[in-house]
Amino acid sequence: MSQGVDILIVEDSLTQAVQLQHMLERHRHRVTVARDGFDALERLREHRPALVVSDIIMPEMDGYELCRRIKTQEGFKDIPVILLTALSNPEDVIKALESGADNFVTKPYDESFLMARVGTVLHNQELRKRGTPELGIEVVVAGKKYSITSDRMQVIDFLFSTYDNALQKNQELERANNKLIMMQEELEKRNMDLEELNEEKNRFLSMAAHDLRNPLAVIFGYSDILLYDASEEAAQEELEMISVMKSSSEFMLQIVNEFLDIAKIEAGKLELDLKITDVVALMKECISLNRVFAVRKQMKLLFRHDDEVPAVMMDSCKIEQVMNNLISNAIKYSYPQSSVEIRIERSGHCLVISVRDEGQGIPEKELDKLFKPFEKTSVRTTAGETSTGLGLAIAKKIVESHEGHIWVESEVGRGSVFYFDLPIPESPS
């Protein structure tokens, strides 16, 4: 086909028609474009092309009907027709054969594949001019009967084009699969790089936190001594400065300790000292430690539990850390003269511990931030207390390391309830 032939394109989409026209003209074919089936029939009467390439989905007259009319009119019926279609099921193939189409190409197609089909159809048309007897057969597909009058060569060509299209789609899938494999390998490599960077970051945090913790502890200890030993004659301004020094160093020491906890957790070095523990006694100790903060805001700490609370396998120091965080948060974010209730209940094979406050509540859209490191909600403490944004993230990791779960229920204006559960051993010893 080095000299090219006359080809009629039938396509109602201007964009696709222009794209197809340029593709064919690059291969020296002479192209005429019809906008629909009726326009195509008019152009056929004006000039006979060597090939018709038609879309199937068109208004008023689709590609099947156009092909059928071409194949039933004297002077046109030997013009080969290629249909452009998705051909998503066998019935589409039968319709194309029934209409007398010589070949089809699935969309989307690449240029090399389309030009190969055009070349094949034109070559077979030359062979067909020798003359072959018509083959009339009836077939039933999806419960419908179809009569196919295409000659034997047309049927063979069409079936081979079906195979070629399937082969093309398989090659496209294979290329896409290879691309996905390469992307997955690249993603795995980047994940490994990120893991190494994360480990390096954790090592740096641990080193920095260890180096900071001792001097901060000294500042906190000395400022506490200064406040304790301050005489009545000490200037109020001096006392306030020492008090600020103490509270600031205490907060910084808390941040450093929580940084160390996060670094250990992310490095997978959270070690548990599991022992059968009296949960009620542990809760009473936590409440006692936090009562002084509640008294400052004239708040009540209430404790309720079932009559029989089974002992649980846990790291008591770590669970105490969880409880201190939940209780201190309830105090920080609640109003003065309100109450905080700590409750222990059995639910199936788990012990459920909850901390309920009468505070501001948390907007529903912000609940997913609570257990993420460094994330903070729009809710603020009621007396200017400080918070690092790490406590709940640490609590979540500790509870999950005990094979438990932690969650929250909250309503703006009515308060929040934080829950976590711990599995009850079948036979504690």
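This write-up is about the structure you can find in this document. Remember, predicted model here, so these are calculated numbers, not experimental data.

On to the overall build of the chain, then. What the chain contains, in helices and strands, is 10 helices and 14 strands. The buried share among the 429 residues of the chain stands at 39%. Look at the contacts in the chain between residues 6 or more apart in sequence, and 69% of them connect residues 24 or more apart. Of the accessible surface of the chain, which amounts to about 25,000 Å², a share of 53% is contributed by carbon and sulfur atoms.

Strand order in this open sheet of 5 strands is 2-1-3-4-5, and the pairing throughout is parallel. At either margin of the open sheet sits one strand with a lone partner, and together these are strand 2 (30-34) and strand 5 (103-106). If you compare each strand with its neighbour and ignore which way they point, the axes differ by 20° on average. Relative to strand 5, strand 4 (residues 81-85) is paired through 4 bridges, and the arrangement is parallel.

Following the sequence through the fold, E341 ends up in strand 11 (residues 339-347). Sequence separation between E341 and A330 is 11 residues, and the spatial gap between their C-alpha atoms is 9.3 Å. Those residues in contact with E341 that sit more than four places away from it in its chain are L302, R304, S354, V355 and R356. One polar contact links E341 to R304, side chain to side chain, over a distance of 2.4 Å.

Our next topic: the pairing of strand 13 (residues 405-411). Sheet analysis places strand 13 next to strand 14 (residues 415-423), joined by 7 bridges and oriented antiparallel. Counted as the bridge partner of E409 is V417 from strand 14.

Below, the discussion takes up the packing of aromatic side chains. Per the counting criterion, the structure on display carries 2 aromatic pairs. Relative to F418, the ring of F371 lies with its centre 6.4 Å away and its plane at 75°, an arrangement referred to as edge-to-face. Taken together, the residues span a long stretch of sequence, with F371 in the loop between strand 12 (350-357) and helix 10 (391-401) and F418 in strand 14 at a distance of 47 residues. Judged by relative accessible area, F371 falls into the buried class, the value being 16%. Owing to a relative accessible area of 11%, F418 belongs among the buried residues under this scheme. Between W407 and Y419, the aromatic rings sit 5.3 Å apart at their centres with planes inclined by 10°, giving stacked as the arrangement.

A separate point is a nonpolar patch on the surface. Taken together, the side chains of V218, Y222 and I225 present a nonpolar region at the surface, about 310 Å² in accessible area. With respect to the helices, strands and loops of the structure, I225 is situated in helix 6 (residues 152-229). In this structure I225 comes out as partly exposed when scored by relative accessible area, which is 44%.

With that settled, the discussion passes to unusual backbone geometry. What you tend to see is this: most non-glycine residues have negative phi, and most peptide bonds are trans. The residue after K107, namely P108, is reached through a cis peptide bond having omega -10°. Structurally, the position occupied by P108 is in the loop between strand 5 and helix 5 (111-128). Positive phi, normally seen in glycine, also occurs at Q298, with a value near 55°. Along the chain, Q298 falls in the loop between helix 8 (279-296) and strand 9 (300-305).

This paragraph deals with a negative patch on the surface. Residues E195, E196, E199 and E200 make up a contiguous surface patch of negative charge. Along the chain, E199 falls in helix 6.

All right, on to helix 1 (residues 14-25) then. The end-to-end C-alpha distance of helix 1, which contains 12 residues, comes to 16 Å, matching closely the 16 Å that a straight helix rising 1.5 Å per residue would cover. Restricting attention to buried positions, one finds in helix 1 the residues A17, L20, M23 and L24. Considered in projection along helix 1, the buried side chains sweep an arc of 130° and stay on one side of the axis. Exposed residues on helix 1 whose side chains face more than 90 degrees from its buried face are L14, T15 and Q19.

Next up on the list: the sheet that holds strand 9. In spatial order, the strands read 9-11-12-14-13; together these 5 strands make up an open sheet with mixed pairing. For this open sheet the edge positions go to strand 9 and strand 13, each flanked by a neighbour on one side alone. Strand-to-strand, the axes of this sheet are offset by a mean angle of 15°, without reference to chain direction. Its contacts with the sheet place helix 8 against strand 9, strand 11 and strand 12, and it is angled at close to 170° to strand 9. In this fold helix 10 packs onto strand 13 and strand 14, with an angle of close to 135° to the strand it touches most, strand 13.

Residues M323, I327 and F420 are the most contacted members of the largest nonpolar core, which totals 43 residues. In this structure, A34, A40, L41 and L83 belong to the second largest nonpolar core, which totals 21 residues.

If charged atoms from side chains of opposite charge come close, those side chains can pair. The full count for this structure, using the stated rule, is 19 salt bridges. Across the pair D39 and R43 runs a salt bridge whose closest N-O atoms are separated by 3.3 Å. You can see D39 and its partner R43 sitting in helix 2 (residues 37-46), 4 residues apart, about one turn around the helix. Taking relative accessible area as the criterion, D39 reaches 12% and is therefore assigned buried. The partner of R343 in a salt bridge is E341, with the nearest N and O atoms 3.4 Å apart. Classification of E341 by relative accessible area gives buried; the value is 15%. Bridged by salt links that share partners, the residues E11, D55 and K107 form one connected network.

Reading the values: the criteria
- What you see as residue numbers is a count from 1 along each chain, following the sequence as written.
- For this predicted model, a pLDDT threshold of at least 70 governs which residues receive local features, and a threshold of 80 or more governs which side-chain atom pairs are given and counted, while totals over whole chains, interfaces and linings are taken from all residues.
- Computation of side-chain values covers all heavy atoms of the structure but excludes hydrogens and water.
- Helix and strand definitions here come from DSSP, where helices need a minimum of 4 consecutive H or I residues and strands a minimum of 2 consecutive E residues; each element is numbered from the N-terminal end.
- When accessible area is computed with a 1.4 Å probe and restricted to protein chains, residues below 20% of their type maximum are described as buried, those above 50% as exposed, and intermediate ones as partly exposed.
- Note on contacts: a residue pair is in contact if any heavy atoms of the two residues lie within 4.5 Å.
- Note that accessible areas follow from Shrake-Rupley with a 1.4 Å probe, and for residues the cover is restricted to the protein chains shown.
- Whether two strands pair depends on DSSP finding at least two bridges between them.
- Axis definition: a line fitted to C-alpha atoms, over the contacting stretch in the case of helices. Angles run 0 to 180 degrees between N-to-C directions.
- Whenever a nitrogen or oxygen atom comes within 3.5 Å of another N or O atom, the pair is scored as a polar contact, on the condition that within protein one atom can donate a hydrogen and the other can accept it, and that pairs from neighbouring residues in sequence are kept only if both atoms are in side chains.
- Aromatic contacts are taken between Phe, Tyr and Trp rings whose centres are within 6.5 Å, Trp giving its six-membered ring; a plane angle under 30 degrees counts as stacked, one over 60 as edge-to-face, and the others as tilted.
- Note on patches: the residues involved have over 30% relative accessible area and no salt bridge, like charges join within 9 Å, and the nonpolar side chains Val, Leu, Ile, Met, Phe, Trp and Tyr join within 5 Å.
- Here, a salt bridge means any Lys or Arg side-chain nitrogen found within 4 Å of an Asp or Glu carboxyl oxygen.
- Charge counting treats Lys and Arg as positive and Asp and Glu as negative, with His and both chain ends excluded.
- Note that the charge is assigned to NZ on lysines, CZ on arginines, CG on aspartates and CD on glutamates.
- Expected helix span is given by 1.5 Å per residue-to-residue step, counting one fewer step than there are residues.
- By construction, the arc corresponds to the directions joining the helix axis to the C-beta atoms.
- As used in this record, nonpolar core signifies buried Ala, Val, Leu, Ile, Met, Phe, Trp, Tyr and Cys residues forming a set joined through side-chain atoms within 4.5 Å.

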